[in-house]
Amino acid sequence: MSILIYAESAEGKFKKVALELASYAKNVATSMGTTVTAVTINATDVSELGNYGVDRVLVVSNDSLKTFNAKAYADVLKQAAQKEAAKLVVLSSSTDSLYLAPLVAVGLDAGYASNVVALPESTSPFVVKRTAFSNKAFNHSEILTDVKVIGLAKNSYGVVESISSLTKEDFSPVLNDADFSMKVEGVEKMSGKVTIADADIVVSGGRGLKGPENWGMLEELADVLGAALACSKPVSDLDWRSHEEHVGQTGKPVAANLYIAVGISGAIQHIAGINSSKVKVVINTDPEAPFFKVADYGIVGDAFQVVPKLTEKLKEFKAKNS
Amino acid sequence: MKILVCISHVPDTTSKINFTNGDSEFDTNGVQFVINPNDEFGLTRAIWFKEKQGAQVTVINVGGVDTEPTLRKALAIGADEAIRINANPLDGTFVAKQLAEVVKNGSYDLVFAGKESLDYNGGMVPGMLSALVGYDFINSCEGIEVDGTSAKVIRQIDGGKETIAATLPLVIGTQKGIVEEKDLRIPNMRGIMTARTKALTVLEPIGVEAATKAVKFEKPAAKSAVKLIDPENLDELINLLHNEAKVI
C-alpha cells in the first residue's frame, strides 16, 4: 500500500529531485497513513534517503541498467509498484522521468497527472493541482483510477529533512530481451558545466548583448553564482550560442529558483518556458520591455555596465558569506 | 514507409487564456488555434521523408468538427490524408487509446507525436500510445534518419544528447531539433487548394474511459509589480535576493 518513488541517481549519486520526491512523498504518506518506498537503480549508497522520509528502499543493482533505458526502467518500476501493492507512484519532471511516466502508467493501468505543483488537495477523491497552458493557468485534476501516477514539477515542493529508520531490500526485477531492443550508440554531454535541467540558478542572455563575443561577462556572472547559462531563441537562431542553451517554449523549460534575464525583452514564448522559475530578475535598457511585467526584481540599465559590476559585488558577497 | 503524425489542435501561444462554465472548461471564444508546435516539427520531418524517401504521410487528430481546419492546414503543408476521431479529447489516456486503435489497424512504420502539447502540457500521448501498441518509443527526439527498417535517432538528455539505434516500427516524441524552425512550412496557395480534395476520414471513437478529469481551472494570482533597483545600488539587489527572496 505504500507510496512508491523512483529516486534518480547519476553516477551512483542521488539527484536533488530524488530528495525532493522523497520529501513530497513523505508528506503525502503521512496524510494517507502509509509509508514511502523508493526504488533505486545502481545507486551507490542509498542510506541518504533515510534523511528525507523514505522508509524502505528496493535496491536494484544491474549492469545492464547502467545507461538509462526507458522501457527497462519502466518495467522495473512497474514490478516494484506491483510488489509493494503501491496505489500511488511519484516521479519527477526530469527528462528521463517524463519519458518513463507514461510507460509506467500504461503498465499499471494507472491514470497519470504530470506537472503537479502542490500536495494533493484531497486524497479521496485524489485531486492534484497542475500547471497548464504553459504556466498561464492551473488545472485541478482528479485521477479516477485505482493506481495513480503523478509527476512532480521541479522545485515545487523543496527538499525537507525527515529522519526515518530505513530498511533496504535487494530487488531483482525480471527483465526480458524486448526491454533491450534499442541500443544507445553514443552520448554527447557537456562536461564540467551546470546543466539547465539541474541548475538552481540560470543566467540567460538575449539579443540585447549585441553579439556572441560579449558572452564572457555572462559566463563570469554564472560562474560566481554556480549557475547554468541559457539564451533566448533569437540568440540561438543567430547561432551566437548553441541551441542546447535555448530556453523558452520551443527550447528547454526552466524551473529554477532564480532566473536572471539579461538583454531579453520577454516575448510571450520566452516567458512561457521560464515562468515556473521562482524568482526572476531582469536587466534591460528598455523599461517598457515586457519582461518587467513578470519579473520580481528589475534593473533598467545597460547590461555592459551592470553585469560586470554585479559580478564583482557578488564575489564580495560570496567571500563574506561562505 | 507509412508515417502517422498525431496533431493536437491548440490555442496559439499569444491567446488569452480564460475559462467558462464555472471555470471547468477552456473558453475557446476568440481563440486562434494552431497545429501544436511540437507536432508541427514532426510533421515537417514526415514531409521530408515523403519527398526524399517516398513516405506516405497520414495526419490524425482526436477532436470535434471544429478541429478540421487544423487538419486541413497539415494537408496543405503536404500530408497525404487525414483522419479525425470524432470525440472530445478527454485526457491523455483517452486520446492515446483512440490513437492506438488506428495504429493497430494501420501498419504504420513511424508514429510521430509532439513530446508535449501547448495546452495541457501533459506529455503523455506518445509514450502511452507506444506502450499500448507495443512499439519502441523514443522521446524528446532531435533528429531521425531511416534506412530500410533501421533508424538512428537523436534524443535530448539533460545536458546533452544521445544517439540510439532502433528498429521500426517506432513511436517518436517530437520537438524542435527534428527540424529547425526555419524548416517549418507555410502552406502555399497550391497546397491549400489540393488540401481541399485530399481525403479526411472521420472515425467514431472506441468506447474507453478517461483516467483523469479536470475538476476546475484557475488562473495564477496577479503578480505584484516588479521592484525596480537603481543600477548604481546593486548591493540592494544582492540584499533582496539574499534576505527577501532567499535564493542566493
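About the criteria used
- Residues numbered from 1 in each chain as written.
- Chains lettered and ligands numbered in written order.
- Predicted model: local features only at pLDDT ≥ 70, side-chain atom pairs only at ≥ 80, totals over all residues.
- Helix = DSSP H or I, 4+ residues; strand = E, 2+ residues; numbered from the N terminus.
- Buried ≥ 20, exposed ≤ 12 C-beta atoms within 10 Å, placed from the backbone.
- Rg over C-alpha atoms; globule rule 2.2 N^0.38 Å.
- Contact = placed C-beta atoms within 7 Å.
- UniProt positions renumbered as here; feature names shortened; annotations may be inferred.
- Axes fitted to C-alpha atoms, helices over the stretch in contact; angles between N-to-C directions.
- Parallel < 35°, antiparallel > 145°, perpendicular 65-115°, else oblique.
- Left-handed = near helix turned anticlockwise from the far one by under 90°.
- Nonpolar A, V, L, I, M, F, W, Y, C, P; charged D, E, K, R; others polar.
- Pairing = 2+ DSSP bridges.
- Domains from an automatic or database assignment.

1. Description of the overall build of chain B
Moving on, step 1. In terms of helices and strands, chain B carries six helices and 15 strands.
Moving on, step 2. For chain B, the spread of C-alpha atoms along the three principal axes comes to 65 × 45 × 40 Å.
Moving on, step 3. Counting the 248 residues in chain B, one finds 49% classified as buried.

2. Brief notes about the overall build of chain A
Moving on, step 1. If you tally the helices and strands in chain A, you get eight helices and 18 strands.
Moving on, step 2. For a compact globule of 322 residues, the expected C-alpha radius of gyration is about 20 Å, and chain A comes in at 21 Å, within 12% of that figure.
Moving on, step 3. Seen through its C-alpha atoms, chain A measures out along the principal axes to roughly 60 × 40 × 40 Å.
Moving on, step 4. Looking at chain A as a whole, 54% of its 322 residues are labelled buried.
Moving on, step 5. Restricting to contacts in chain A with at least 6 residues of sequence separation, those with at least 24 account for 65%.

3. Structural notes on the UniProt feature "binding site: FAD" (unreviewed entry) in chain A
Residue and element names in this part refer to chain A.
Moving on, step 1. When the UniProt feature table is mapped onto this chain numbering, "binding site: FAD" (unreviewed entry) sits at Arg207, Gly263, Ile264, Ser265, Gly266, Ala267, Ile268, Gln269, His270 and Asn284.
Moving on, step 2. Looking at the secondary structure, you find Ile264 in the loop between strand 16 (258-262) and helix 6 (268-274).
Moving on, step 3. Overall, the presence of 32 C-beta atoms within 10 Å leaves Ile264 in the buried class.
Moving on, step 4. In this structure Ile264 touches Ser204, Gly206, Gly208, Ser232, His270 and Phe291, once residues within four positions along its chain are discounted.
Moving on, step 5. Residue position: Gly266 is located in the loop between strand 16 and helix 6.

4. Focus: the packing of helix 2 (residues 70-84) of chain A against helix 3 (residues 95-107) of chain A
All names here are of chain A.
Moving on, step 1. Relative to each other, helix 2 and helix 3 sit at 50°, their axes nearing to 9 Å. The angle between helix 2 and helix 3 places the two elements in the oblique class. As for how helix 2 packs across helix 3, the hand of that crossing is right-handed. Between helix 2 and helix 3, the residues in contact are Ala70, Lys71, Tyr73, Ala74, Leu77 and Lys78 and Tyr99, Leu100, Leu103, Val104 and Gly107, respectively.
Moving on, step 2. The residue inventory of the contact of helix 2 with helix 3, partitioned by class, reads eight nonpolar, one polar and two charged.

5. With respect to the UniProt feature "domain: Electron transfer flavoprotein alpha/beta-subunit N-terminal" (unreviewed entry) in chain B
Moving on, step 1. Residues annotated by UniProt as "domain: Electron transfer flavoprotein alpha/beta-subunit N-terminal" (unreviewed entry) correspond here to residues 23-210 of chain B.
Moving on, step 2. Taken end to end, residues 23-210 of chain B comprises 31% helix and 31% strand; its first and last C-alpha atoms sit 20 Å apart.

6. A look at the sheet that holds strand 17 (residues 279-284) of chain A
Moving on, step 1. With parallel pairing, the six strands of this open sheet are ordered in space as 15(A)-14(A)-16(A)-17(A)-18(A)-15(B). Strands at the two margins of the open sheet, each flanked by one partner only, are strand 15 (228-231) of chain A together with strand 15 (227-228) of chain B.
Moving on, step 2. With five bridges joining them, strand 16 of chain A and strand 17 of chain A adopt parallel strand pairing. Within strand 17 of chain A, the position partnered with Ala261(A) by the bridge is Val282(A).
Moving on, step 3. In the packing of helix 4 (residues 216-225) of chain A onto the sheet, the strands contacted are strand 14 (201-205), strand 15 and strand 16 of chain A, and the crossing angle to strand 14 of chain A comes to about 175°.

7. A short note on the interface of chain A and chain B
Moving on, step 1. Listed as interface residues are 71 residues of chain A and, on the opposing side, 60 residues of chain B.
Moving on, step 2. Among the elements that line the side of chain A that touches chain B, the one with the most residues is helix 3 of chain A, at eight residues.
Moving on, step 3. Per-class residue counts for the side of chain A that touches chain B are 36 nonpolar, 22 polar and 13 charged.
Moving on, step 4. In this structure, strand 13 (residues 183-189) of chain A lies alongside strand 11 (residues 160-167) of chain B, joined through six bridges in antiparallel fashion. Directly across from Lys183(A), in strand 11 of chain B, lies its bridge partner Ala165(B).

8. Re unusual backbone geometry
Moving on, step 1. Each neighbour pair has its own omega, and for Ser124(A) with Pro125(A) the value is 0°, a cis peptide bond.
Moving on, step 2. Along the chain, Pro125(A) turns up in the loop between strand 8 (122-123) and strand 9 (126-132).
Moving on, step 3. With omega at 0°, the peptide bond leading from Leu168(B) into Pro169(B) counts as cis.
Moving on, step 4. Locating Pro169(B) in the fold gives a position in the loop between strand 11 and strand 12 (170-174).
Moving on, step 5. Positive phi values are uncommon outside glycine, yet Ala85(A) reaches one of about 50°.
Moving on, step 6. Within the secondary structure, Ala85(A) is located in the loop between helix 2 and strand 6 (88-91).
Moving on, step 7. Even without being glycine, Asp239(A) reaches a positive phi, approximately 65°.
Moving on, step 8. Mapped onto the fold, Asp239(A) is located in the loop between helix 5 (233-237) and strand 16.

9. A short note on helix 2 (residues 68-77) of chain B
Residue and element names in this part refer to chain B.
Moving on, step 1. Counting buried residues along helix 2, seven of its 10 residues qualify, which places the element largely inside the surrounding structure.
Moving on, step 2. By the burial criterion, the buried members of helix 2 are Thr70, Leu71, Lys73, Ala74, Leu75, Ala76 and Ile77.
Moving on, step 3. A positive phi of about 145° marks Gly78, the residue just after helix 2.

10. Looking at the pairing of strand 5 (residues 56-60) of chain A
Both faces of the sheet carry side chains from a regular strand, because those side chains alternate between them.
Moving on, step 1. Summarising the sheet, strand 4 (residues 36-41) of chain A and strand 5 of chain A pair through five bridges and their orientation is parallel. Residue pairing for strand 5 of chain A: Ile41(A) is matched across the bridge by Val60(A).

11. Re the pairing of strand 10 (residues 150-157) of chain B
Residues and elements named next belong to chain B.
Moving on, step 1. A large share of strand 10 lies buried, amounting to six of its eight residues.
Moving on, step 2. Bridging between strand 9 (residues 136-147) and strand 10 involves six bridges; their strand directions are antiparallel. Bridging from a neighbouring strand, Cys141 pairs with Arg155 of strand 10.
Moving on, step 3. Following strand 9, the chain reverses through two residues before pairing antiparallel with strand 10; Gly148 in that reversal takes a positive phi of roughly 65°.

12. Considering the UniProt feature "domain: Electron transfer flavoprotein alpha/beta-subunit N-terminal" (unreviewed entry) in chain A
Moving on, step 1. The residues that UniProt annotates with the feature "domain: Electron transfer flavoprotein alpha/beta-subunit N-terminal" (unreviewed entry) are residues 3-189 of chain A.
Moving on, step 2. A helix fraction of 24% and a strand fraction of 33% characterise residues 3-189 of chain A, whose end C-alpha atoms lie 33 Å from each other.

13. Considering the packing of helix 4 of chain A against helix 8 (residues 303-321) of chain A
Residue and element names in this part refer to chain A.
Moving on, step 1. Packing of helix 4 against helix 8 leaves a shortest axis separation of 9 Å and a crossing angle of 20°. It follows from the interaxial angle that helix 4 and helix 8 lie roughly parallel. In terms of crossing hand, the pair formed by helix 4 and helix 8 is left-handed. Each of Met217, Leu218, Glu220, Leu221, Val224 and Leu225 in helix 4 lies in contact with helix 8, whose residues at this interface are Val307, Pro308, Leu310, Thr311, Leu314, Lys315 and Lys318.
Moving on, step 2. Across the contact of helix 4 with helix 8, the residue classes break down as nine nonpolar, one polar and three charged.

14. Section: the domain arrangement of chain A
Residue and element names in this part refer to chain A.
Moving on, step 1. Domain boundaries in chain A define domain 1 (3-180) and domain 2 (201-321).
Moving on, step 2. In this structure, domain 1 and domain 2 have C-alpha centres spaced 32 Å apart.
Moving on, step 3. Of the residues lining the interface, six residues belong to domain 1; the matching set on domain 2 comes to seven residues.
Moving on, step 4. For the side of domain 1 that touches domain 2, the per-class residue count stands at one nonpolar, four polar and one charged.

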